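# Observations on chain architecture
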Amino acid sequence: MSPDVMPEAQAASAMTEPGNKTDRAHSRARAVRRRRIVVAVSRVLLLVAVLGLWELLSRAEVIDPFNFSMPSKIWDQIWTWVTHGTALGSLGEQIWYTLYEALLGWVVGVVAGVVFGIALGRITLLADVLGPYIKVLNSIPRIVLAPIFVIWFGLGPASKVASAVVLVFFPVFFNAFQGAREVDRNLVANARILGASDRRVTLQVVIPSATSWIFTSLHVSFGFALIGAIVGEYIGATKGIGLLVAQSQGTFNAAGVYAAMVILAVVALLAEGLLTFAERRIFRWKPASSDS
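Rules and cut-offs
Residues numbered from 1 in each chain as written. Predicted model: local features only at pLDDT ≥ 70, side-chain atom pairs only at ≥ 80, totals over all residues. Heavy atoms only, no water. Helix = DSSP H or I, 4+ residues; strand = E, 2+ residues; numbered from the N terminus. Buried < 20%, exposed > 50% of the residue type's maximum accessible area, 1.4 Å probe, protein only. Lys, Arg positive; Asp, Glu negative; His and termini not counted. Salt bridge = Lys/Arg side-chain N within 4 Å of Asp/Glu carboxyl O. Polar contact = N/O pair within 3.5 Å; in protein donor to acceptor, adjacent residues only side chain to side chain. Contact = heavy atoms within 4.5 Å. Axes fitted to C-alpha atoms, helices over the stretch in contact; angles between N-to-C directions. Parallel < 35°, antiparallel > 145°, perpendicular 65-115°, else oblique. Nonpolar A, V, L, I, M, F, W, Y, C, P; charged D, E, K, R; others polar. 1 Å grid on protein atoms, 1.4 Å probe; cavity = no way out; pocket = protein on both sides within 12 Å on 5 of 7 lines; lining within 4 Å. Points joined across faces, edges and corners; volume = space filled by probe spheres on them. Expected span 1.5 Å × (residues − 1). Bend = angle between axes of the 7 residues up to and from the residue. Patch = residues over 30% accessible without salt bridge, like charges linked within 9 Å, V, L, I, M, F, W, Y side chains within 5 Å. Areas by Shrake-Rupley, 256 points an atom, 1.4 Å probe, with all protein chains shown as cover. Phe/Tyr/Trp six-rings, centres within 6.5 Å; stacked < 30°, edge-to-face > 60°.

Okay, the side chain of Arg142 next. With respect to the helices and strands, Arg142 occurs in the loop between helix 5 (124-139) and helix 6 (145-153). One buried charged residue, Arg142, remains without a salt bridge, the closest side chain of opposite sign being Glu101 at 17 Å. Within the local environment of Arg142, its side chain forms a polar contact with the backbone oxygen of Asn138, the two atoms lying 3.0 Å apart. A polar atom in the side chain of Arg142 sits 3.3 Å from the backbone oxygen of Val166. Those residues in contact with Arg142 that sit more than four places away from it in its chain are Leu137, Val166, Leu167 and Phe170.

Written as structure tokens, this is what we have:
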């Protein structure tokens, strides 16, 4: 190849390379969109298949419709609650009552778990002293504490909030504790070289580094908060979704039990969506995971 031709070939290659990168980016974006559509459609088809099979087996009495109910009856029960209310009042009031207890217990449990987790992760002496007690408390089946809380705090929301707190605290605590222990020591050393105090190191280095660990526990912990509120209402309450479950069970209304479970599932999914949105907003600097 002559010397005059070589610069022209290099220039043509340089001009086409950005175009190739743009084409590859568009191809990847189209592949991601196609995959999301396939996943969404597959989820809907799976749900329709399960509900349809359930309905057919119940109508054919392959499974006992009295005990297992059927999707059509569950939908009728939800519609009745929406349009005519429940024996305890409007459905919205019951959902709000349970959601209020779960949210309050979740916030208190998260704050306590983060504070104690970061503190014990940063202060070794404190971790050595309190570590055995935390392990003992964590080994106690926390659901069995719900009746004790009802005795202590009565049938009001305080007992349900307490049940939610003890269920939320430990997963958040252990994630915050581990996140504080896993902080890059070079970052801490550099901050100290620059004259940062222990408080500034904790607030500006340790807590931001542990945030991803903490957010991991938040996704699970809200479900635990709902469980705590529901179990407390099931044992003793004046209103709430858990009491609806207890009343439906007491009257052998399987559709009512499943209807309450569907409502709880919707609430949990909405909360999960909000947490995911908040996490993406906070961690916008992190590279998005590739959809393979």
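Our next topic: the side chain of Ser159. When you line up the elements, Ser159 lands in helix 7 (residues 157-181). Discounting residues that sit within four places of it in the chain, Ser159 has contacts with Phe149, Val150, Phe153 and Gly154.

Glancing now at the packing of helix 4 (residues 91-122) against helix 5. Where helix 4 meets helix 5, the closest approach of the two axes is 6 Å, and the angle between their N-to-C directions is 125 degrees. By the angle class used here, helix 4 and helix 5 are oblique. Residues Ala119, Leu120 and Arg122 of helix 4 form the contact with helix 5, whose participating residues are Thr124, Leu126, Ala127, Leu130 and Ile134. Broken down by class, the residue content of the contact of helix 4 with helix 5 amounts to six nonpolar, one polar and one charged.

This part covers empty space enclosed by the protein. By the definition in use, this model includes two cavities of 30 Å³ or more. Here the largest cavity is characterised by a volume of approximately 40 Å³. Around the largest cavity, the lining residues are Ile95, Thr98, Leu99, Leu226, Ile241, Ile263, Leu264 and Val267. Residues of the lining of the largest cavity, tallied by class, amount to seven nonpolar, one polar and no charged. One number sums up the size of the second largest cavity: a volume of about 30 Å³. Considering the residues around the second largest cavity, the lining is formed by Arg142, Ile143, Ala146, Ser163, Val166, Leu167, Gly228 and Val231. Mapped onto the lining of the second largest cavity, the elements with two or more residues apiece are helix 7 and helix 9 (198-235). With three residues, the top contributor of residues to the lining of the second largest cavity is helix 7. Its residues assigned to classes, the lining of the second largest cavity comprises five nonpolar, two polar and one charged.

You can see Ile151 is positioned in helix 6. On a C-alpha basis, the gap between Ile151 and Gly236 in space is 9.7 Å, while along the polypeptide they are 85 residues apart.

This next bit is on the pattern of salt bridges. A complete count under the given rule lists two salt bridges for this structure. Where Arg59 meets Glu55, a salt bridge forms, and the shortest distance between an N and an O atom there is 2.7 Å. Placement of the pair is Arg59 and Glu55 together in helix 1 (residues 5-59), with a separation of four residues, close to one helical turn. Here Lys239 and Glu93 are joined by a salt bridge, their closest N and O atoms 2.7 Å apart. Here Glu93 lies in helix 4 and Lys239 lies in the loop between helix 9 and helix 10 (241-250), a separation of 146 residues in the sequence.

Within the chain, Glu61 stands out as a residue other than glycine whose phi angle is a positive 60 degrees. Even without a glycine there, the phi angle at Ser69 is positive, about 55 degrees. When you line up the elements, Ser69 lands in the loop between helix 2 (65-68) and helix 3 (71-84).

Given a rise of 1.5 Å per residue, 25 residues ought to cover 36 Å, and the 36 Å separating the end C-alpha atoms of helix 7 matches this to within 8%. Bending of helix 7 peaks at approximately 30 degrees at the position of Phe169, with proline Pro171 no more than four residues after it. Along helix 7, 20 of the 25 residues are buried, which leaves the element largely enclosed by surrounding structure.

Together, Trp96, Tyr100, Leu103, Leu104 and Val108 give the surface a local cluster of nonpolar side chains, amounting to about 460 Å² of exposed area. Its location among the elements puts Tyr100 in helix 4.

To describe a pair of aromatic rings, you give the distance between the ring centres and the angle between the ring planes. Scanning the model with the defined rule gives 13 aromatic pairs in all. Their ring planes at 75 degrees and their centres at 5.4 Å tell us that Trp54 and Tyr258 sit as a pair that is edge-to-face. With Trp54 in helix 1 and Tyr258 in helix 11 (residues 254-282), this pair connects stretches of sequence that are 204 residues apart. By relative accessible area, which is 21% here, Trp54 ends up partly exposed. Geometrically, the ring pair formed by Phe169 and Phe170 is edge-to-face, given 5.0 Å between the ring centres and 85 degrees between the ring planes. Take Phe170: its relative accessible area is 7%, and that puts it in the buried class. Here the aromatic residues Phe116, Phe169, Phe170, Phe173, Phe174 and Phe177 are joined through ring pairs into a cluster of three or more.

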